[in-house]
Amino acid sequence: MSDTYKATTALSPGQMDAAADALRWAAFGGARRGLGFTYKQVSAERVHFETEYDGRKAWVDLDIPYTPVALILAGALLLQQLNALS
């Protein structure tokens, strides 16, 4: 293994809240706008986010470490799922 390799560890509650706020900003245009998320870290490399609106459920998995582009794409996927016709 390379000396630059660093194992990813579990995110702290503050880091999880920051990730949720960043995803909310990417999806809804603000950290305090839009729907709330439920979230959990499902592995050392992934966080699972879920939300529900008007009976429609949406979910997305976000890789750790996440990038601004990954947040924008995840936000777009959430909106697409919420706006899909039943």
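Higher on the page you've got the structure.
Residues numbered from 1 in each chain as written. Predicted model: local features only at pLDDT ≥ 70, side-chain atom pairs only at ≥ 80, totals over all residues. Heavy atoms only, no water.

Looking at this structure, I do not really get the overall build of the protein chain. What am I missing?
A count of helices and strands for the protein chain gives two helices and three strands. Each helix and strand of the protein chain, ordered N terminal to C terminal, gives the series α-β-β-β-α. Split into buried and exposed, the 86 residues of the protein chain put 27% on the buried side. Carbon and sulfur atoms make up 56% of the accessible area of the protein chain, which totals about 5,900 Å². (Helix = DSSP H or I, 4+ residues; strand = E, 2+ residues; numbered from the N terminus. Buried < 20%, exposed > 50% of the residue type's maximum accessible area, 1.4 Å probe, protein only. Areas by Shrake-Rupley, 256 points an atom, 1.4 Å probe, with all protein chains shown as cover.)

I keep staring at the packing of helix α1 (residues 13-28) against helix α2 (residues 68-83) and nothing clicks. Help me out?
Axis angle and axis distance: for two packed helices, these are the angle between their axes and the distance between the axes, and together they describe the pair. Their axes nearest at 8 Å, the elements α1 and α2 cross at an angle of 65°. Between α1 and α2 the crossing geometry is right-handed. Seen from α1, the contacting residues are A19, A22, L23, A26, A27 and F28; seen from α2, they are L71, I72, A74, G75, L78, L79 and L82. Considering only residue class, the contact of α1 with α2 consists of 12 nonpolar, one polar and no charged. (Axes fitted to C-alpha atoms, helices over the stretch in contact; angles between N-to-C directions. Left-handed = near helix turned anticlockwise from the far one by under 90°. Contact = heavy atoms within 4.5 Å. Nonpolar A, V, L, I, M, F, W, Y, C, P; charged D, E, K, R; others polar.)

Explain α2 here, please?
Since the α-helix turns once every 3.6 residues, residues separated by three or four places project in the same direction. Along its 16 residues, α2 runs 23 Å from first to last C-alpha, staying within 8% of the 22 Å computed at 1.5 Å per residue. Taken as a whole, α2 has its buried residues at L71, A74, G75, L78 and L82. All buried residues of α2 project into a common sector of 100° when viewed along the axis, lining one side. Opposite its buried face, α2 presents the exposed residues V69, L73, Q80 and N83, each directed more than 90 degrees away. Elements in contact with the buried residues of α2: α1, β2 (46-53) and β3 (56-63). (Expected span 1.5 Å × (residues − 1). Arc of directions from axis to C-beta.)

What am I meant to see in the packing of aromatic side chains here?
Aromatic rings in a pair are described by how distant their centres are and how their planes are angled relative to each other. One pass over the full model with this rule turns up three aromatic pairs. For the ring pair F37 and F49, a centre distance of 5.9 Å and an interplane angle of 75° mean the geometry is edge-to-face. Highlighted residues: F37 in the loop between α1 and β1 (38-43) and F49 in strand β2, separated in sequence by 12 residues. Measuring from centroid to centroid gives 5.7 Å for Y39 and F49, while their planes differ by 45°, and the two rings are tilted. Highlighted residues: Y39 in strand β1 and F49 in strand β2, separated in sequence by 10 residues. (Phe/Tyr/Trp six-rings, centres within 6.5 Å; stacked < 30°, edge-to-face > 60°.)

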